Amino acid sequence: MMEDGICFEDVLAELEELKRRDLGYTRILSSMCTHPHPIAKIAHNLFLEANLGDPGLFPGTKAIEEEVISMIAALLGDRDATGYITTGGTESNIQAIRAFRNASGKDGENIVVPASAHFSFDKIGDLLRVEVRKAPLDGEFRVDPAAVEDLIDDRTIGLVGIAGTTEYGQIDPIEDLAKIALENDLFLHVDAAFGGFVIPFLDSHPPFDLSVDGVSSITIDPHKMGMSTIPAGGILFKDKRLLELLSTPTPYLTSKAQFSLTGTRSGAAAAATYAVLRYLGFKGFKRVVDRCIRMTKMLKDGASSFGVVPPVEPVMNVLTLEVKDLRQVIRELERSGWRVSVTREGFMRLVIMPHLTEPILQEFLDDLKDATGN
Ligand SMILES: *Cc1c(COP(=O)(O)O)cnc(C)c1O
């Protein structure tokens, strides 16, 4: 830090200069984040100082969080579920597995997750010292329930299913996993970080949420398809006792205990999430999701017309494509400002978020056609 500060305008000029280096989202097809909804930005700014880590000082903000949790609980199949607003999918997943571990009372525990699980589960293995067993996938990149069953032993504390995998947007067979969980007296966590704000709005979908008997908890990220501001995640537990197992006494604060992983936490993101949910309602979200699904189909059909096809049919707004000389193609696309990503199996991965438009995607298709030599 310098001895003397600089003037207000100069600080802002520096920030604006640095911000210009950021890519913006216009040509980004690699991210599950997007521009926050305009009402989310306004709500966020109204609550910048609100700290949900000390809720007695912010009873209004606390009421906002409770209302958000109740709206999300209803969306995800159990009005009575309890939880809180986290910093994102990673914290939500950590907290779910931490609660399972605290409930199990076992030693040297393990969990069984799909091989497609988000890397947050590798962090969980390291943090909680729980062995993370990875079950192989079927031909459509969904976890194979028989393989999950094979990995269960007397030290297993819980299973994980993914509703909207990060790489393929696939939905694991949650009902099958729930049946296995019930039969083996195990917890089942559903990671719907991405899919939570997509699947409920699809015209049809398999059961995936807390309405399925045997599902103990679910992760959902408002800062992805919920169009809230970062950091907004969500964790919900069907049984309040699991949440209570995360409780730590908080001397000198207005509350007696807290169950969040972080101490000080953003009331702004909670307000932003509240604003989007109230403003859009179910129908508004459905319009957003319908539009993303339409654009996904347009991209799939467009690429197929010049021989670039998906390895698996997209079920939500995540599209993968089988592309020859992928690295070379990506280098070419990047020269035109596009950003795409690659799955572990080596397919091009595209996430069709609300910031994209049909004309932009047509430009992308033209550049993809050139880059693949078609
Ligand atoms: C994005 C994602 C996460 C991690 O969420 P963060 O908000 O980045 O911490 C976890 N699981 C799935 C399925 C995801 O798509």
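The model shown is predicted, which means the values in this text are computed figures rather than measured ones.

Chemist: Help me understand the pairing of strand E4 (residues 156-162), please; the structure alone is not making it clear to me.
Modeler: A regular strand places its side chains on the two faces of the sheet in alternate fashion. Within E4, seven of the seven residues are buried, which leaves the element mostly enclosed by the surrounding structure. Bridge count for E4 against strand E5 (residues 187-192) is five bridges, and the pairing is parallel. Looking at E5, one finds that isoleucine 162 is bridged to aspartate 191.

Chemist: How do you make sense of the sheet that holds strand E12 (residues 348-351) when you look at a structure like this?
Modeler: Two pairing modes exist for strands in a sheet, parallel and antiparallel, and in both the strands are linked by backbone hydrogen bonds. Taken in spatial order, the three strands make up an open sheet running E10-E12-E11, and their pairing is antiparallel. What marks the edges here is a single partner per strand, and that holds for strand E10 (318-321) and strand E11 (341-342). Pairing of E10 with E12 involves four bridges; the strand directions are antiparallel. Each bridged residue has a counterpart across the sheet, and for leucine 319 the counterpart in E12 is leucine 350. Docked against the sheet, helix H10 (residues 326-335) engages E11 and E12, running at close to 40 degrees with respect to E12.

Chemist: What's the story with the packing of aromatic side chains in this structure? I'm lost.
Modeler: In this description, an aromatic ring pair is defined by two values, namely the gap between the centres and the angle between the planes. Tallying each qualifying case throughout the model produces nine aromatic pairs. Here phenylalanine 141 and tyrosine 168 contribute two aromatic rings whose centre-to-centre distance is 3.9 Å and whose plane-to-plane angle is 5 degrees, an arrangement assigned as stacked. Highlighted residues: phenylalanine 141 in the loop between strand E3 (131-135) and helix H6 (145-151) and tyrosine 168 in the loop between E4 and helix H7 (174-183), separated in sequence by 27 residues. A residue is classified by how much of its surface remains accessible, and phenylalanine 141, at 12% relative accessible area, is buried. In this structure tyrosine 168 comes out as buried when scored by relative accessible area, which is 3%. Between tryptophan 338 and phenylalanine 364, the aromatic rings sit 5.1 Å apart at their centres with planes inclined by 80 degrees, giving edge-to-face as the arrangement. On the criterion of sequence distance, the pair formed by tryptophan 338 in the loop between H10 and E11 and phenylalanine 364 in helix H11 (residues 358-371) is long-range, its members being 26 residues apart.

Chemist: What's the story with the pairing of strand E2 (residues 110-114) in this structure? I'm lost.
Modeler: In terms of residue burial, E2 counts as a mostly covered element, since five of its five residues are buried. Neither face of E2 is left uncovered, since the one carrying Asn110, Val112 and Pro114 and the one carrying Ile111 and Val113 both have all their residues buried. Examined bridge by bridge, E2 and E3 share five bridges and lie parallel to one another. Each bridged residue has a counterpart across the sheet, and for asparagine 110 the counterpart in E3 is glutamate 131. A crossover links E2 with its parallel partner E3, the connecting element being helix H5 (residues 120-128), and its sense is right-handed. Bridge analysis of E2 against E4 gives three bridges, and the strand direction is parallel. Within E4, the residue paired with asparagine 110 across the bridge is threonine 156.

Chemist: Looking at this model, I keep getting lost on the sheet that holds E4. Mind explaining?
Modeler: An order of E1-E7-E6-E5-E4-E2-E3 is seen for the seven strands of this open sheet, with the pairing classed as mixed. The two strands at the open ends of the sheet, each matched to only one other strand, are strand E1 (82-86) and E3. Sheet twist, expressed as the average angle between the axes of neighbouring strands with direction ignored, equals 20 degrees. Of the pairings in the sheet, the one linking strand E6 (residues 217-220) to strand E7 (residues 233-237) comprises four bridges and is antiparallel in character. Across the sheet, the residue bridging to isoleucine 220 is glycine 234, located in E7. Helix-sheet contacts for H7 involve E4 and E5, and the interaxial angle to E4 is about 170 degrees.

Chemist: It is not clear to me how the UniProt feature "modified residue: N6-(pyridoxal phosphate)lysine" (unreviewed entry) in the chain should be interpreted in this structure. Could you clarify?
Modeler: Under the UniProt annotation, the feature "modified residue: N6-(pyridoxal phosphate)lysine" (unreviewed entry) is placed at Lys224. Along the chain, lysine 224 falls in the loop between E6 and E7. The exposure class assigned to lysine 224 is buried, which follows from its relative accessible area of 13%. Residues within four places of lysine 224 in sequence aside, it is in contact with Met32, Thr34, Ala193, Phe194 and Met353.

Rules behind the numbers
- Residues numbered from 1 in each chain as written.
- Predicted model: local features only at pLDDT ≥ 70, side-chain atom pairs only at ≥ 80, totals over all residues.
- Heavy atoms only, no water.
- Buried < 20%, exposed > 50% of the residue type's maximum accessible area, 1.4 Å probe, protein only.
- Helix = DSSP H or I, 4+ residues; strand = E, 2+ residues; numbered from the N terminus.
- Pairing = 2+ DSSP bridges.
- Contact = heavy atoms within 4.5 Å.
- Axes fitted to C-alpha atoms, helices over the stretch in contact; angles between N-to-C directions.
- Phe/Tyr/Trp six-rings, centres within 6.5 Å; stacked < 30°, edge-to-face > 60°.
- Right-handed = clockwise from strand over helix to strand, strands pointing away.
- UniProt positions renumbered as here; feature names shortened; annotations may be inferred.

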